[in-house]
Amino acid sequence: MSPRTGLIRPLLFGLGTTAGLATALAAGGSLRRLDAVEVEGRSMAPTLLPGDRLLVEDWTFRRRAPARRDLVVVRDPRLASRELVKRVVDMSDGRLELRGDAPDQSTDSRSLGSIPLSAARWRPLLRYWPPLRAGRIR
Amino acid sequence: MLTLRSLLRPTRRVHAHCDVPCGVYDPEQARIEAESCLRIIEKYDASDDPLFRARCIHVKEERAELVKQHLDVLWHDYFKPEHIEQFPDLHETFWKATKQASKVKQSLDAGAARELLAMIDKVDQMWKGSGGPDKTRVNGRPG
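As a starting point, this report considers the structure included with it. (Residues numbered from 1 in each chain as written. Chains lettered and ligands numbered in written order. Predicted model: local features only at pLDDT ≥ 70, side-chain atom pairs only at ≥ 80, totals over all residues.)

## Digging into the packing of helix α2 (residues 28-46) of chain B against helix α6 (residues 110-129) of chain B
All names here are of chain B. Direction vectors running N to C along α2 and α6 enclose 165°, while the axes themselves pass 9 Å from each other. With respect to each other, α2 and α6 are oriented roughly antiparallel. In this structure, α2 crosses over α6, and the sense of that crossing is left-handed. Taken together, the residues of α6 that come into contact with α2 (itself represented by A30, R31, A34, E35, C37, L38, I41 and E42) are A110, A113, R114, L116, L117 and I120. In the contact of α2 with α6, the residues fall into ten nonpolar, no polar and four charged. (Axes fitted to C-alpha atoms, helices over the stretch in contact; angles between N-to-C directions. Helix = DSSP H or I, 4+ residues; strand = E, 2+ residues; numbered from the N terminus. Parallel < 35°, antiparallel > 145°, perpendicular 65-115°, else oblique. Left-handed = near helix turned anticlockwise from the far one by under 90°. Contact = placed C-beta atoms within 7 Å. Nonpolar A, V, L, I, M, F, W, Y, C, P; charged D, E, K, R; others polar.)

What follows is the structure, encoded as structure tokens:
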């Protein structure tokens, strides 16, 4: 694969999915919402890196509760204006136990405690930037 | 709301958060401040200049406060619940050491300062036992 096609393909994928989703959103009315966010910090490495831009959606967790291995965006229990992105590692009694994928560099449920289910509304759907790593996030 | 502008330049941040992103921890930081306390107490004892002695008290109290600060950061940022299984007396050790730092702050007892050093060394052993030198220092602890 030449370097040029190596760059163009993910770029097209990124633009394509973004444009497609934006159109779907415009047509889909206000019930389903998408938003764009930027990642700060390294606690979710290698899954998410600082500067990654993600589309997040708010329909999955209306339909079902977050499950183990899901990524979630939650309000920081210490500062409501701040949002965290972490992975669910356990659930019990309507509360979520969260961890960073890089536990050595993560402040998570080990120091913040478990998080109420209701705090998790948004789910990262895909990464659209940088183009070389664009795609679904797992 | 998703707009072209928010796609191009998202203002909403999600924090893949870490309190101390540098991830550098070392009980040596607390120990150096505690050694300062001990030396200052010795200098206080050796002097009869009231001005110098007043300065000694002032600086020692600052240093003892720094000991507490450094120990606190290790306690709640570096050590994690899995370390409690490895070191069941971790909380007890930190609680005693920070209390001892308060004692050094309040008194001019060289013995109390030496005891504080011994307690910090115990913290140091736990830090080493948890792989601290390799995990938190650049190229391990120097020297």
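Next comes the rest of the description.
## Some points on the pairing of strand β5 (residues 95-99) of chain A
Residues and elements named next belong to chain A. Of the two faces of β5, only the one carrying L96 and L98 is buried; R95, E97 and R99 on the other face are not. With five bridges connecting them, strand β4 (residues 79-92) and β5 associate as antiparallel partners. Pairing of S92 across the sheet is with R95, part of β5. Counting the residues in the hairpin turn of β4 and β5 gives two residues, including D93, whose phi is positive at 50°. As defined by bridge partners, β5 adjoins strand β6 (residues 115-116) across two bridges and the pair is classed as antiparallel. Bridging from a neighbouring strand, R95 pairs with P116 of β6. (Buried ≥ 20, exposed ≤ 12 C-beta atoms within 10 Å, placed from the backbone. Pairing = 2+ DSSP bridges.)

## Topic: the environment of L49(A)
On the secondary structure map, L49(A) appears in the loop between β1 (34-40) and β2 (53-57). When the C-alpha atoms of L49(A) and V39(A) are compared, they prove to be 6.8 Å apart, with ten residues separating the residues in sequence.

## Quick word on the interface of chain B and chain A
Taken together, the contact between chain B and chain A spans 19 residues of the former and 28 residues of the latter. The set of elements that each furnish at least two residues to the side of chain B that touches chain A consists of α1 (4-8) and β1 (12-15) of chain B. Strand direction decides the pairing type here: β1(A) and β1(B), joined by four bridges, are parallel. The residue bridging V37(A) from the neighbouring strand is R12(B), located in β1(B).

## Let's talk about unusual backbone geometry
Peptide bonds are, in most cases, trans, and in most cases residues other than glycine have a negative phi. All names here are of chain A. Between A45 and the following residue, P46, the backbone shows a cis peptide bond with an omega angle of 0°. Residue P130 is reached from W129 by a cis peptide bond, and omega for that bond is 5°. Summarising the element assignment, P130 is placed in the loop between β7 (120-129) and β8 (135-136). For R69, which is not glycine, the phi dihedral falls at a positive 80°. By the secondary structure assignment, R69 is in the loop between α2 (60-63) and β3 (71-76). On the basis of neighbour count, R69 is assigned to the exposed category, with 9 C-beta atoms found within 10 Å. Its identity is not glycine, yet D93 carries a phi of approximately 50°, on the positive side.

## Overview of the nonpolar core
Counting residues in each nonpolar core, the largest one holds 25 residues, and the members touching the most others are V39(A), V72(A), V73(A) and V85(A). Secondary-structure elements contributing two or more residues to this core are β1, β2, β3, β4, β5 and β7 of chain A. Discounting chain neighbours no more than four positions away, the residues touching V39(A) are M44(A), L48(A), L49(A), P50(A), G51(A), D52(A), L54(A), V85(A), V14(B) and A16(B). The next biggest cluster of nonpolar side chains, apart from the first, holds 24 residues, and it includes A64(B), V104(B), M119(B) and I120(B). (Core = buried A, V, L, I, M, F, W, Y, C linked by C-beta atoms within 7 Å.)

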